[in-house]
Amino acid sequence: MILPGAKSLRRIAVVGRGTAGSLAAASAAKLLPGDDLELHHIYDSRIPVIGVGEGSWPSLVQELHKLTDLPHETVQQRLKGTRKYGVAFEGWGRRNRDFTHFFTPQQVSYAYHLSADLLAELLHESTRARHIDAEVLDISRVEGGAQVEFRDLPPERYDLVFDARGFPKELHPEQHIDISFIPTNTAVIRRCPAVIGEDGDGPVLQHTYTRAVARPHGWIFVIPLTVHTSYGYIFNRDMSDLADVETDFSEFLEADGVSEFEQRAVIPFPNFVHRRIFDGAVARVGNAAAFMEPLEATAIVSAQLQIGMILHMRLNRPVENLERDAPTVNRFLIDTILRYGLFVGWHYSCGSRYDSRFWRHARERVWPRHRKAAAPEAVDCAALARFDEMIELLNRPVIDQEDWNRMCAVPLTSYAQMSQNLGC
Ligand SMILES: Cc1cc2nc3c(=O)[nH]c(=O)nc-3n(C[C@H](O)[C@H](O)[C@H](O)COP(=O)(O)OP(=O)(O)OC[C@H]3O[C@@H](n4cnc5c(N)ncnc54)[C@H](O)[C@@H]3O)c2cc1C
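These numbers were taken from a predicted model, which means no experiment stands behind them. (Residues numbered from 1 in each chain as written. Predicted model: local features only at pLDDT ≥ 70, side-chain atom pairs only at ≥ 80, totals over all residues. Heavy atoms only, no water.)

Peer 1: Can you explain the pairing of strand β12 (residues 186-193)? Please cite residues and give values.
Peer 2: When you tally the buried positions in β12, you get six out of eight residues, the bulk of the element. Alignment of β12 against strand β15 (residues 228-235), held across eight bridges, turns out to be antiparallel. When the sheet's bridge partners are listed, V188 is paired in β15 with Y233. As judged from the six bridges shared by β12 and strand β16 (residues 262-268), these two strands associate in the antiparallel manner. Each residue of the ladder has a partner; that of A187, found in β16, is I267. (Buried < 20%, exposed > 50% of the residue type's maximum accessible area, 1.4 Å probe, protein only. Helix = DSSP H or I, 4+ residues; strand = E, 2+ residues; numbered from the N terminus. Pairing = 2+ DSSP bridges.)

Here is the structure:
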């Protein structure tokens, strides 16, 4: 098949070797096989990857099979993974409090709980690239491509550069949309013994769920892998003292019957979307492009979307159209990620079983900011209108069959499950 854009994609660089960079390099190598592509995978081995990111969406199962050419069972075992059928909420909202948000079709569609380090390793094995261990100082768009500047090497010019360098150091309003309607900004990570064991020689078939347990200072995720169980307390450091969070975390683990744990990290995080994810030659992906707290595990799936859209657009459209196409792709990506953000922020709108300072603040002060933060004049896209349409659909006495497959980043079935159970 002749791909009109392939001739303009001879040299690609991926900067960053975390989940996003590894996915980008594997995807580029897969879509442009053979000797026509010179792929450089650049990273600074002194800058660690974030290393969390163990929940996913079902599209990753197909994607990993495609990228590695390995059977699903092998992929799952290599990732020390379990099959995630949804998120089990405990103590959320004002109606059912304990309920599950299933992927659709329910009990059929599954994603992985996976080890982030092993995912990167698996992807590297199937990616043919030149590896460059060096610090990148700058990535900029230049005539006909992009230029990467290094600390100790001469600059290199590429047709396309994926910038997967992780979180920005700080947010600037002219560059980043601050999604300030998300009420959390810090995670404490602990690692505990596995509760799900390997099943003989095969992959674990048992249905598992990410637990999302409401707590006075925020919520705790519990992710079961076959090597360990990951726990993370997500909270707001401007509302709660770390020491109080650690104490509540320990009480929770004790009540959960967990007697030992390894303290892994305290990770502050921003909630934002970059205004320029893609400019035609530089593509920000992963945590460099956008981030929101991990309640619905939206980061890896967003990275998949960014990488897939950008590579397909560059390959399938003639390069002459690039100046017109790039802003359209950029707006589409911002719009979709903002929709994820609105979906996640909405989870807090009905509070939880705790009438604590954090939950009152989240419900009464933070969520109401979404109208201003996502207003079309502030974000240049229609994410808020599309989100409002989903809520309006849910409030109709009858939802017409033609609307059953509607999506606003996630399917209508996800909105319906959350709305029914949270009571909003
Ligand atoms: C608490 C928490 C829980 C999460 N849970 C989930 C989840 O369940 N599901 C999910 O999808 N996501 C989750 N995430 C998001 C997760 O972080 C991302 O999915 C994923 O790890 C993407 O990271 P990244 O590859 O963009 O960046 P990183 O992992 O930070 O990698 C950055 C890379 O860039 C390189 N680098 C940086 N600067 C330079 C430089 N100047 N020169 C050269 N190289 C450089 C580094 O060496 C590194 O290789 C979670 C995040 C947090 C904070």
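Peer 1: Just give me the short version of the packing of helix α7 (residues 322-346) against helix α11 (residues 383-394), but keep the residues and values in it.
Peer 2: The angle between the axes and the distance between the axes are what describe a pair of packed helices. Here α7 crosses α11 at 45°, and the two axes come no closer than 9 Å. The orientation of α7 relative to α11 falls into the category oblique. Read as a crossing pair, α7 and α11 show a hand that is right-handed. Every residue of α11 that contacts α7 at D335, L338, R339, L342, F343 and W346 is listed here: A383, L384, R386, F387, I391 and L394. Considered class by class, the residues forming the contact of α7 with α11 number nine nonpolar, no polar and three charged. (Axes fitted to C-alpha atoms, helices over the stretch in contact; angles between N-to-C directions. Parallel < 35°, antiparallel > 145°, perpendicular 65-115°, else oblique. Left-handed = near helix turned anticlockwise from the far one by under 90°. Contact = heavy atoms within 4.5 Å. Nonpolar A, V, L, I, M, F, W, Y, C, P; charged D, E, K, R; others polar.)

Peer 1: Go over the site of the ligand with me, naming the residues and quoting the values.
Peer 2: Of all residues adjacent to the ligand, which total 29 residues, the nearest are R17, I47, G55, N287 and I300. Contact between the ligand and D44: an oxygen atom at 3.0 Å from a main-chain N or O atom of the residue. Between the ligand and I50 there is a distance of 2.9 Å, counted from an oxygen atom to a backbone nitrogen or oxygen. When the free accessible area of the ligand is taken as 1,000 Å², the share hidden by the protein chains comes to 94%. If you list the elements that add at least two residues to the shell around the ligand, you get α1 (19-31), β12 and α6 (299-316). (Near = heavy atom within 4 Å. Polar contact = N/O pair within 3.5 Å; in protein donor to acceptor, adjacent residues only side chain to side chain. Areas by Shrake-Rupley, 256 points an atom, 1.4 Å probe, with all protein chains shown as cover.)

Peer 1: Let's hear about the state of the cysteines: which residues, and what values?
Peer 2: Summed over all chains, the structure comprises zero disulfides. Among the cysteines around C381, which has no disulfide bond, C408 carries the closest sulfur, lying 10 Å off. You can see C424 has no disulfide; the closest cysteine sulfur is in C350, sitting 3.1 Å from it. Assessed through its relative accessible area of 29%, C424 is described here as partly exposed. (Disulfide = S-S within 2.5 Å.)

Peer 1: So what's going on with the nonpolar core? Residues and values would help.
Peer 2: Ranked by internal contacts, the top residues of the largest apolar core, which has 106 residues, are I12, L64, W92, F162, V273, L338 and Y415. The dominant element in this core, judged by the number of residues it contributes, is α7, at twelve residues. Grouped together as the second largest cluster of nonpolar side chains are 14 residues, V15, I132, A146 and F150 included. (Core = buried A, V, L, I, M, F, W, Y, C linked by side-chain atoms within 4.5 Å.)

Peer 1: Can you break down the sheet that holds strand β6 (residues 130-133) residue by residue, with the values?
Peer 2: The strand order across the open sheet built from five strands is β6-β2-β1-β10-β18, with neighbouring strands paired in parallel fashion. Looking along the sheet, the strands with just one partner apiece sit at the ends: β6 and β18 (282-284). Taking the axes of each pair of neighbouring strands and ignoring which way they run, one obtains an average angle of 20° across the sheet. With three bridges connecting them, strand β10 (residues 160-163) and β18 associate as parallel partners. Bridge assignment links V161 to a residue of β18, and that residue is V282. In this fold α1 packs onto β1 (11-15), β2 (38-43) and β10, with an angle of close to 175° to the strand it touches most, β2. Lying over the sheet, α6 contacts β1, β10 and β18, oriented at roughly 175° with respect to β10.

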